[in-house]
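# Topology and contacts: notes
The lines below spell out each chain.
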Amino acid sequence: MAFSKIIAESMDLTDTYAFTGTVTGAGGDNKPMFLAYQSSGQSLATVTTTRVVFDTEEFDADNVFTNTSGNYKFTVPSAGKYWIYVSVSKNSFSGNAFEVLLKRTRSSTETVAMNCGAGGTGDSEEVAGNGKIFECLVGDEFHVTAKHEDSGNRSLYGGLNYTFFGAYKILE
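This structure is a prediction, so every number in the text was calculated from the model and none was measured.

Inspection of the secondary structure assignment puts Thr 68 in the loop between β5 (65-66) and β6 (73-75). The class for Thr 68 is partly exposed, based on a relative accessible area of 42%. The spatial distance from the C-alpha of Thr 68 to the C-alpha of Phe 54 is 8.7 Å, given a sequence separation of 14 residues. A distance of 2.8 Å separates a polar atom in the side chain of Thr 68 from a polar atom in the side chain of Asn 71.

This structure, assessed with the given rule, holds 10 aromatic pairs. Relative to Phe 165, the ring of Phe 65 lies with its centre 5.8 Å away and its plane at 85°, an arrangement referred to as edge-to-face. Placement of the pair is Phe 65 in strand β5 and Phe 165 in strand β13 (residues 164-169), with a sequence separation of 100 residues. Like Phe 165, Phe 65 is buried. The structure contains a cluster of three or more aromatic residues connected by ring pairs, namely Phe 34, Phe 54, Phe 65, Phe 74, Tyr 82, Phe 134, Phe 142 and Phe 165.

This paragraph deals with the side chain of Asp 140. Mapped onto the elements, Asp 140 comes out in the loop between β10 (127-136) and β11 (141-148). Among the polar contacts made by the side chain of Asp 140, one reaches the main-chain amide nitrogen of Leu 137 at a distance of 3.0 Å. Beyond its immediate chain neighbours, meaning those up to four positions away, Asp 140 contacts Phe 74, Thr 75, Val 76, Arg 104, Thr 105, Arg 106 and Glu 135.

Looking now at unusual backbone geometry. Phi is positive for Val 47, close to 50°, though the residue is something other than glycine. Within the element layout of this structure, Val 47 appears in the loop between β2 (43-44) and β3 (50-51).

Cut-offs applied
Residues numbered from 1 in each chain as written. Predicted model: local features only at pLDDT ≥ 70, side-chain atom pairs only at ≥ 80, totals over all residues. Heavy atoms only, no water. Helix = DSSP H or I, 4+ residues; strand = E, 2+ residues; numbered from the N terminus. Buried < 20%, exposed > 50% of the residue type's maximum accessible area, 1.4 Å probe, protein only. Polar contact = N/O pair within 3.5 Å; in protein donor to acceptor, adjacent residues only side chain to side chain. Phe/Tyr/Trp six-rings, centres within 6.5 Å; stacked < 30°, edge-to-face > 60°. Contact = heavy atoms within 4.5 Å.

Structural data, given as structure tokens:
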């Protein structure tokens, strides 16, 4: 259907339209965005809160994720709403408490932003994960911690399908 002048009342929104030319003001690219994961398993000491390693980036076109040793954090470059998600897979635990937290640092104050699950009733390959929308300010930083209460050291499963952390900005 060709238009010489578009009149909103005359458009049937159930029709299919093929545009030739440039359409502006529609869509977007949800940037910035990143997805990082743990390349190999990480050891966790008993009853010790440990920052989870996300040392490999699947994508991070805007360089918003820091994957250097000891950091492993997402820094918000522009204010707005972000979908942030986390998955952490435990390997061969005996079933005692397992806690994974997403923490936010804003103006030098660290708070728990999201509880990603606290397994504790099962054994072996349980996953703690969660995701939600956050209203973020420029400079907010997010990182993930894990803690277990089994006796002795335990480890996490590494790999893109097991232990990962990501975010993208939501278009408004």
